[in-house]
Amino acid sequence: MKLSVLIENESMSPEFHKEHGLSLYIEALGKNILFDFGASPNFIENAEKMKVPLKDVDFCVVSHGHYDHTGGIKAFTELNKKAKIYIRHEGFSDFYAHENDGRVVYIGVDKSFFDLPQIVFPPQRMEIMKGVEIFSGVKGSLMNPPGNSQLFIDKDGDQSLDDFAHEQSMIITENDKTYLFIGCAHSGIANIMEQYYKERKAYPDFVLGGFHLFREEGDPDNSELVISLSDYLKDKPSKYYTCHCTGLPAYELLKERLKDQIDYQYTGLQINL
Ligand SMILES: [Fe+2]
Ligand SMILES: [Fe+2]
C-alpha cells in the first residue's frame, strides 16, 4: 500500500496548497483509489507536484457529505471520466454548521454534483472489489466528537442534529494487513473501531484520517475527552495516521501519550505502509 496525502489542513512544504479539507490517494491491490476530494480543486495541483496521475484513478470513495471532502469533485471529473464515485445518498442532504458567533453556514455538497454520471449510491455495506469494502451506519456513544453538537441536517425547513447516516469508512485488506480509512470520524473514532471489531473480531492494523477533535475560538476545552480517547487507542494494536479535523493541539496531546503509535499525515506525505 502506498499512501499520498494530496491535501489536508497542514503541509510538509510551502510548495503544496493546504486547506481545511481532506484528500488521500491510495495505491493498493493493483488499483488507484481516491478517498475524498478536499474542499476545492487545490488537491489536483498538489497531485501534479507529487507525480500522482489522477487520470488513472480507478474509483473514489467519499467519506461524508461535507464540503471539505467533496469540493473538488467536479474538477476531478473533468480530468477523469471513468472513475465511479461512491457517496452515500444521504450525503446530498442539507447540512449546516451553527457557528459560535451565531452564524448558520451551509456545509453540504454542491447539489449540482448529484447528476454526475460517475456518482454511485452504495448500500450500508458494500464490497467494491475483493479487498476493498465500505460501511456506514455506525452507532454508539463512545467518546463522540463534542463538535458534532454544532452540526445539523435540514429536513423540509426543520433543523435537527446530524445523525451522520451519510458517513462511510473504507477498509482495505492487502498482504494480510488491514487499513481503515475514515474522513472526519463524526460517528466517533472509537465507535467506528468497535463496529469494525464486531464484524472482524480484530482491530485494523492501520487507521487513517481525521478524528474531529479540533476546537475553534469559543469551543469548550476537550482535553479530558482526548485523554480518554488516547487510553482507548493505546490499548489497541493499531497504528494511527491522523490529520485534518483532529487539529494540531489534540494531535500533540495524543502523540504525547501514544508515542510512535500515532503520526501526523501532512499534505505532501508519500509513504509505503
Ligand atoms: Fe472534515
Ligand atoms: Fe465533516
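The structure reproduced in this document is the subject of the present report. The residue numbers shown here count from 1 along each chain, following its written sequence. By the order in which they are written, chains take letters starting at A while ligands take numbers starting at 1. Totals for whole chains, interfaces and linings use every residue, but because this is a predicted model, local features are given only for residues with pLDDT of at least 70 and side-chain atom pairs only at 80 or more, for both listing and counting. The side-chain values count all of the structure's non-hydrogen atoms but skip hydrogen atoms and water molecules.

**A short note on the pairing of strand 16 (residues 239–242)**
Buried means the residue's accessible area, taken with a 1.4 Å probe over protein chains only, is under 20% of the maximum for its type, while exposed means over 50%, and partly exposed covers the values in between. Numbering of helices and strands starts at the N terminus; helices are DSSP runs of H or I of at least 4 residues and strands are runs of E of at least 2. Because side chains alternate across strand 16, one face comprises the buried residues Lys239 and Tyr241, and the other comprises Tyr240 and Thr242, equally buried. In this scheme, strands are said to pair when DSSP sees at least two bridges between them. Two strands pair when backbone bridges link them, and strand 15 (residues 206–209) and strand 16 are joined in this way by four bridges, in the parallel orientation. From the neighbouring strand, Gly209 faces strand 16, where its bridge partner is Thr242. Whether a crossover is right-handed depends on one test, that the path from the first strand over the helix to the second runs clockwise when the strands point away from the viewer. Assessed by its sense of winding, the connection that carries the chain from strand 15 through helix 5 (residues 223–234) to strand 16 is right-handed. Both strand 16 and strand 17 (residues 262–264) contribute to a ladder of three bridges, which runs parallel.

**Thoughts on the coordination of the iron ion (ligand 1)**
Ligation of the iron ion (ligand 1) by protein atoms is provided by Asp68 (OD), His69 (NE2), Cys184 (SG) and His244 (NE2), these donors lying 2.1 to 2.3 Å from the ion. Think of the donor list as every N, O and S atom within 2.8 Å of the metal, or within 3.2 Å for Na, K and Ca; water never makes the list, so a site can look incomplete. Under the classification used here, a metal with four donors is tetrahedral if each angle lies between 85 and 135 degrees, square planar if opposite donors are over 155 degrees apart and the others between 65 and 115, a six-donor metal meeting that same test is octahedral, and anything else is irregular. For the iron ion (ligand 1), the four donor atoms in the first shell make angles of 84 to 166° at the metal, so the coordination geometry reads as irregular. One chain supplies every donor for the iron ion (ligand 1), spaced along it as D-H-x114-C-x59-H. Here the iron ion (ligand 2) and the iron ion (ligand 1) are spaced 3.4 Å from one another. A residue pair is termed long-range when its members are at least 10 positions apart, and Asp68 in helix 2 (residues 67–70) and Cys184 in the loop between strand 14 (177–181) and helix 4 (189–200) qualify at 116 residues. Among the residues examined, Asp68 registers a relative accessible area of 4% and is labelled buried. Residue classification places Cys184 among the buried residues on the basis of a relative accessible area of 2%.

**Thoughts on the packing of aromatic side chains**
A pair of Phe, Tyr and Trp rings is counted when the ring centres sit within 6.5 Å of each other, with Trp represented by its six-membered ring. The angle between the planes then sorts it: under 30 degrees is stacked, over 60 is edge-to-face, the rest tilted. Evaluation of the coordinates by the stated rule reveals 13 aromatic pairs. Each ring, one from Phe114 and one from Phe121, has its centre 5.4 Å from the other, and the planes form 40°; the classification is tilted. According to the relative accessible area criterion, Phe114 is partly exposed, its value standing at 34%. Exposure remark for Phe121: the relative accessible area of 32% places this residue in the partly exposed category. With a centroid separation of 5.0 Å and 5° between ring planes, the pair formed by Tyr179 and Phe206 is classed as stacked. Note that Tyr179 is positioned in strand 14 and Phe206 in strand 15, a separation of 27 residues in sequence. Residue class for Phe206 comes out buried when judged on its relative accessible area of 13%. One Lys or Arg, Lys236, reaches over the ring of Tyr203 and ends 5.3 Å from the middle of that ring. Geometrically, a charge over a ring is one whose NZ (Lys) or CZ (Arg) sits within 6 Å of the ring centre while staying within 35 degrees of the ring normal.

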